[in-house]
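Each chain, letter by letter, is given below.
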Amino acid sequence: MFKSKDLLYHSIAILTVIIWGTTFVSTKILINTGLSPVEILLYRFVLAYFCILTIAHRRLWANCVKDEFLLFLSGLCGGSLYFIAENTALGITLASNVSLLICTAPIITTVLSHLFYKESLRKGLLYGSLVALFGVGLVVFNGSVLLKVNPLGDFLTLVAATMWAFYCLILKRLSRSYPTLFITRKVFFYGILSLFFYFAIYPLNIKLELLKLPVVYLNILFLGVIASMLCYIMWNTAVRALGASKTANYIYIVPLVTLITSAIFLSETITIASGIGALAIISGVYIAER
């Protein structure tokens, strides 16, 4: 399935999406304690930025203004715009719609890679993506036929998926000239900076008393250090080695991991349909990565 030299990077990508799949539980716990989704995003990005700053602080700027602008776009696409669009969509449309539509990111990445980088559209990649997306649908809806179209919410979810696709493409371009740690630090910096434009319109209400609760600061530590700093470093490393399209296909695994962790920690039910969907996801990713 994999070339031996690429096995490490495929493993890194898989580990990354497994961790990202568990963040649903942490985020839900924090929201239930009274934190807003945007507040959680700010805390996890600030924590991730200062952690990575301790190990990657020598270089401040890119080689040229154009590259610095691309770094800004990476923070915008892979940081603030992605999360704001996704979280806003969650407040407008069904969570199942968001979970399904966000997994169009790999297909969008493949199409954009073909348009911008002239990457070939392999049949296996396309067929595997469709099989995996079908599996995601079964996992997300978990045997239910409930589907309610909400034009604005669904559109914002597709915007988020497109932002992530552009983020992966920008990473591929930047990785030719800059080390992963430098790029990742810049992503967090510009992600935080662009968030303050959002706060200028929708003021942030920081609840300091909640940050003293162990359940809050422990989950923020997990989201900031592990799910943000470490996972963005690993994801960016995988994109550098494998390319945007191949790495993006592992996003299909996220709903599968979320399904399992939700069953373990939130006592949510796994149905026959979601089990079939899990097999379809694994099969689709295998076909796409061959």
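Residues numbered from 1 in each chain as written. Predicted model: local features only at pLDDT ≥ 70, side-chain atom pairs only at ≥ 80, totals over all residues. Heavy atoms only, no water.

(A) Molecular detail of the overall build of the protein chain. Counting its secondary structure elements, the protein chain contains 12 helices and zero strands. Starting at the N terminus and ending at the C terminus, the protein chain contains elements arranged as α-α-α-α-α-α-α-α-α-α-α-α. Since a compact globule built from 290 residues should have a radius of gyration of about 19 Å, the 18 Å found for the protein chain is in line with a globular shape. If you line up the protein chain on its principal axes, its C-alpha atoms span 45 × 45 × 35 Å. In the protein chain, the proportion of contacts linking residues at least 24 apart, taken out of those at least 6 apart, comes to 90%. A total of about 13,700 Å² of accessible surface is found on the protein chain, and carbon and sulfur atoms cover 72% of it. Measuring between centres, the 21 positive side-chain charges of the protein chain sit 9 Å from its 10 negative side-chain charges. (Helix = DSSP H or I, 4+ residues; strand = E, 2+ residues; numbered from the N terminus. Rg over C-alpha atoms; globule rule 2.2 N^0.38 Å. Contact = heavy atoms within 4.5 Å. Areas by Shrake-Rupley, 256 points an atom, 1.4 Å probe, with all protein chains shown as cover. Lys, Arg positive; Asp, Glu negative; His and termini not counted. Charge placed at Lys NZ, Arg CZ, Asp CG, Glu CD.)

(B) Fine view of a nonpolar patch on the surface. Taken together, the side chains of Leu 121, Leu 126, Tyr 127, Leu 130, Val 131, Tyr 286 and Ile 287 present a nonpolar region at the surface, about 600 Å² in accessible area. At the level of secondary structure, the elements contributing two or more residues to the nonpolar patch comprise helix 6 (123-141) and helix 12 (272-289). Ranked by residue count, the leading element in the nonpolar patch is helix 6, at four residues. Position of Leu 130 relative to the elements: it lies in helix 6. (Patch = residues over 30% accessible without salt bridge, like charges linked within 9 Å, V, L, I, M, F, W, Y side chains within 5 Å. Salt bridge = Lys/Arg side-chain N within 4 Å of Asp/Glu carboxyl O.)

(C) How the structure looks around the pattern of salt bridges. The final tally for this structure, using the stated rule, is two salt bridges. In this structure, the salt-bridge partner of Lys 207 is Glu 39, at a minimum N-O distance of 3.2 Å. Of the two residues, Lys 207 is situated in the loop between helix 8 (180-201) and helix 9 (214-242) and Glu 39 in helix 2 (residues 37-53); the sequence distance between them amounts to 168 residues. There is no split in this pair, since Lys 207 and Glu 39 are both buried. In this structure, the salt-bridge partner of Glu 68 is Lys 186, at a minimum N-O distance of 2.8 Å. A residue pair is termed long-range when its members are at least 10 positions apart, and Glu 68 in helix 3 (residues 65-90) and Lys 186 in helix 8 qualify at 118 residues. (Buried < 20%, exposed > 50% of the residue type's maximum accessible area, 1.4 Å probe, protein only.)

(D) Representation of the environment of Thr 184. Mapping Thr 184 onto the fold places it in helix 8. On the basis of relative accessible area, Thr 184 is assigned to the buried category, the value being 0%. When the C-alpha positions of Thr 184 and Ala 56 are compared, they lie 9.5 Å apart, and in sequence the two are 128 residues distant. Excluding anything up to four places from it in sequence, Thr 184 contacts Ile 52, Met 229, Tyr 232, Ile 233 and Asn 236.

(E) Region of the structure containing the packing of aromatic side chains. Inspection of the entire model under this criterion finds 23 aromatic pairs. Pairing Phe 45 with Phe 83 gives two aromatic rings, centres 5.9 Å apart and planes at 85 degrees, and the pair type is edge-to-face. Of this pair, Phe 45 sits in helix 2 while Phe 83 sits in helix 3, and the two are 38 residues apart along the sequence. We note that Phe 45, like Phe 83, is buried. (Phe/Tyr/Trp six-rings, centres within 6.5 Å; stacked < 30°, edge-to-face > 60°.)

Purely geometric numbers; function is a separate question.
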